[in-house]
Amino acid sequence: MIIWGWTEKLLGSIITNLTCTNCGKSGLVSYTFQRFFTIFFIPTIPLGKRGTLGCPSCGTAFLPENFNQTVTHKTPWWGFSGLILFGSLIALGIGVGIVESQNTSSYIQDPQANDIVVLKVKDDSKDMYPYIKLKSVDGDKITYYQSKYSYSRERDTLKEARNAKVGTELDEEVHEMSKDEFKKLNISVIERP
Ligand SMILES: [Zn+2]
């Protein structure tokens, strides 16, 4: 779940030479606020700015329009930190995905005992991910265990498969296939311990 929302931050303040219309003292302070779109409470996308003028002597607040005062503060770098952070995470995820699929295509050509092979199957037009665990690879013959359960997300399947035991998560029956049959499986990912 992504937690998102808005926040408003003070970008900065400067003392002006404007005079307070309430108490007559000069030196109104101009404040610049900016709204940010936040993801997980991190300011991610800078939105509009607004300014106010305040009198430090009497505490009156004014809208800058009344004094023709312009907003002077720039959006700081951290206003984009969420974009930078989430951009990096997405790039990292894509990188990991590329490495995984490269590994998988080389593992398919050369299966080994203990490989976790996640399969992608259609179940009521929904994708499901069962897995098999290779028991032995001997010449052209592969023996393997089948998972008892499958999940609708690949990562849930992998999480279970990493610690799966024969008799609990894996069915006890040993199945057999050739390397050609193995290559024809609809393989989603292979993890080699
Ligand atoms: Zn004042």
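Residues numbered from 1 in each chain as written. Predicted model: local features only at pLDDT ≥ 70, side-chain atom pairs only at ≥ 80, totals over all residues.

1. Comments concerning helix α1 (residues 81–109)
Inference 1: With 29 residues, α1 extends 43 Å from end C-alpha to end C-alpha; this agrees with the ideal 42 Å at 1.5 Å per step.
Inference 2: Of all 29 residues making up α1, only one are buried, and the element is barely covered by its neighbours. (Helix = DSSP H or I, 4+ residues; strand = E, 2+ residues; numbered from the N terminus. Expected span 1.5 Å × (residues − 1). Buried ≥ 20, exposed ≤ 12 C-beta atoms within 10 Å, placed from the backbone.)

2. Topic: unusual backbone geometry
Most peptide bonds take the trans configuration, and most residues that are not glycine carry a negative phi.
Inference 1: Of note in this structure, Asn-114 is not a glycine but carries a positive phi near 80°.
Inference 2: Assignment of secondary structure puts Asn-114 in the loop between α1 and β5 (116–119).
Inference 3: We note that Asp-124 has phi near 55°; this positive angle belongs to a residue other than glycine.
Inference 4: Here Asp-124 shows up in the loop between β6 (121–123) and β7 (126–128).

3. Quick look at the environment of Thr-19
Inference 1: With respect to the helices and strands, Thr-19 occurs in the loop between β1 (4–15) and β2 (29–39).
Inference 2: Thr-19 sits 104 residues away from Asp-123 along the chain, and the two C-alpha atoms are 74 Å apart.
Inference 3: With residues near it in sequence (within four places) discarded, Thr-19 still touches Gly-24 and Ser-26. (Contact = placed C-beta atoms within 7 Å.)

4. Topic: the sheet that holds β1
Inference 1: Read from one edge of the open sheet, four strands run β1-β2-β3-β4, paired in antiparallel fashion. Strand pairing shows two members of the sheet lacking a second neighbour, β1 and β4 (61–62), which therefore form its edges.
Inference 2: Where α1 meets the sheet, its contacts fall on β2 and β3 (42–54), and the angle it forms with β3 comes to roughly 180°. (Pairing = 2+ DSSP bridges. Axes fitted to C-alpha atoms, helices over the stretch in contact; angles between N-to-C directions.)

5. Here's the deal with the pairing of β2
Inference 1: Relative to β2, β1 runs antiparallel, the two being bridged by eleven bridges. Its bridge partner being in β2, Trp-6 is matched across the sheet by Phe-37.
Inference 2: Both β2 and β3 contribute to a ladder of ten bridges, which runs antiparallel. The residue of β3 that forms the bridge with Gln-34 is Lys-49.
Inference 3: Between β2 and β3, which follow one another and run antiparallel, lie two residues, and Phe-40 among them has a positive phi close to 50°.

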